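Descriptive analysis of the structure
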Amino acid sequence: MNCSISGEVPEEPVVSKKSGFLYEKRLIERHIADYGKCPVTGDPLTMDDIVPVKTGKIVKPRSLTAASIPGMLGMFQNEWDALMLSNFALEQQLHTARQELSHALYQHDAACRVIARLKKERDEARSLLAQAERQAPLPASAVTANVSALSNGKRAAENEDMGPDAKRMRPGVSESIIAELTECNAALSQQRKKRQIPPTLAPVDALERYTQLSSHPLHKTNKPGITSIDINLSKDIAATGGIDSSAVLFDRTSGEILSTLTGHSKKVTSVKFVAPKDVILSASADKTVRIWQGSEDGKYDCRHVLKDHTAEVQAVTVHATNNYFVTASLDTTWCFYDLSSGLCLTQVEDPSNLGYASAAFHPDGLILGTGTTGATVRIWDVKSRGNVANFDGHTGAVTAISFSENGYFLATAAHDGVKLWDLRKLKNFRSFELYDQDTPTNSVDFDHSGSYLAIAGSDVRVYQVGSVKAEWNCIKTLPDLSGTGKATCVKFGPDARYLAVGSMDRNLRIFGLPEDNASTES
């Protein structure tokens, strides 16, 4: 009688009550401990179902082949032959596996090359489609004799009309557009005289108690970092631009990501809402600006890809009419665009051949502020595109600009801190040197009422807006909780009820009052 597992005569035989099969005790104990079932029938089996079989102690006889030296030599020879055959079979299997692996790797490489070629063809087709859309017939107000020959591509076509200095010719800002800008300026200036602080604005004592309410991972972990924030105040929706080359739309109320805008090939440097038209603008280090149009299903499609710049586009700012916008680039130019057509109406060069690191429209829309890489702040008359004032005094590139809603104050940020400028007297009346010489100031933002100023560097500080002579008091300092030591951007929410902060990790952080957050969620 042999063991049902090993096939050998058992030294301690046991038998299963359920199946009646005979086993070696140590083998069936190990099998039951590992699997808990009969190795032959597969039925559940425990050691209580095993009964030992008593046998007489006898000496097992040797097999005939092991009874003599010639028999043992023959047995060894057979075992050696079996070992060699097994080794040969293993080598054959290894060779087959290597061939299959080599074939699979070749197929994978070929597939990757096909995918790369298809992506390239897709991008080329998208580019051609975007150019075709942008070369469609324009409104009569924007049509000039040479518009049909203009191109928004990076390189000019051979038959493109060029100026005497070998630069692309632009349609220019027409009289009707200037009249529209002037009319908007008059209306907003009149409203500003009657403007009062809204009763719903968060009071100073509320800002003093602000703390982190939430943290939302919006961007990719392999390329962390948020470079820009904008907030649609009417819908309480935030847009963030990331180093991962995408822009993300985030609903603060629900805490959900509404949409992720992909298409740029390098980091997104600036994002802006054009709220009434459900449009988002994104600028990138890939030298392009994209216009994203929202649809009823909540998705955003890229309507235009603008390629008028030849270097990184650092900033985009929207005019108060919501019909025009300006982009600023390191290629030493800023461009004035028509939003509906995506056409660059005019491109203005820096008089000192300095690149632009920031730009912002004055609330009234007839003044444009730009920050250069050479530490100079330039003020432009939008109608004439003339440089009407320059502010010097910073150290390093001017990375952020924010106009106060009162129309009188301008805040600029650079490596050496923040400077406040009086636009009536065109002079600097206050400076904040908040951090050490190795820590730049990255962002400044006035709230929509012009009552508070937020500054981002190694932390975020909130100041109560004073006047030229009255002090600007720091009412709250919010630490950088990202662990990177660098808050890159800051933006006030509606009525300054919260602050949205981006850092060099992938999280958007919301600071405010816990009770306000609880009431919003309920």
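Residues numbered from 1 in each chain as written. Predicted model: local features only at pLDDT ≥ 70, side-chain atom pairs only at ≥ 80, totals over all residues. Heavy atoms only, no water.

**Focus: the packing of aromatic side chains**
As enumerated under the stated definition, the model contains 10 aromatic pairs in all. Ring geometry for Tyr-324 and Phe-336: centres 5.4 Å apart, planes at 20 degrees, overall stacked. Residue Tyr-324 is found in strand β14 (residues 324-329), and its partner Phe-336 is found in strand β15 (residues 333-338); the two are separated by 12 residues along the sequence. The exposure class of Tyr-324 is buried, given its relative accessible area of 6%. Overall, the relative accessible area of 1% leaves Phe-336 in the buried class. (Phe/Tyr/Trp six-rings, centres within 6.5 Å; stacked < 30°, edge-to-face > 60°. Helix = DSSP H or I, 4+ residues; strand = E, 2+ residues; numbered from the N terminus. Buried < 20%, exposed > 50% of the residue type's maximum accessible area, 1.4 Å probe, protein only.)

**Observations regarding the side chain of Thr-441**
Within the secondary structure, Thr-441 sits in the loop between β24 (427-432) and β25 (443-446). Exposure remark for Thr-441: the relative accessible area of 2% places this residue in the buried category. Those residues in contact with Thr-441 that sit more than four places away from it in its chain are Thr-399, Ala-413, Ala-414, His-415, Gly-417, Val-418, Tyr-435, Ile-455, Ala-456 and Gly-457. (Contact = heavy atoms within 4.5 Å.)

**Looking at the confidence of the model for the protein chain**
With 90% of its residues at a pLDDT of at least 70, the protein chain reaches an overall mean of 86. A low-confidence stretch, residues 137-160 stays under pLDDT 50, and its non-local contacts, those more than four residues away or across chains, total 44 contacts. (pLDDT = per-residue confidence, 0-100.)

**A look at the sheet that holds strand β6 (residues 237-242)**
By way of backbone hydrogen bonds, the strands of a sheet pair with one another, either parallel or antiparallel. Taken in spatial order, the four strands make up an open sheet running β5-β6-β7-β8, and their pairing is antiparallel. The strands lining the two open edges of the sheet, one partner per strand, are β5 (226-232) and β8 (256-262). On average, each strand axis in the sheet is inclined to that of its neighbour by 20 degrees, with strand direction left out of account. (Pairing = 2+ DSSP bridges. Axes fitted to C-alpha atoms, helices over the stretch in contact; angles between N-to-C directions.)

**Details of the sheet that holds β24**
Reading across the sheet, the four strands line up as β21-β22-β23-β24 and stay open at both edges, with antiparallel pairing between neighbours. Strands with a single pairing partner mark the edges of an open sheet, and in this sheet they are β21 (400-403) and β24. The sheet shows a mean angle of 20 degrees between the axes of neighbouring strands, direction not considered. Across four bridges, β21 lies against strand β22 (residues 409-414) in antiparallel orientation. Within β22, the residue paired with Phe-403 across the bridge is Leu-410.

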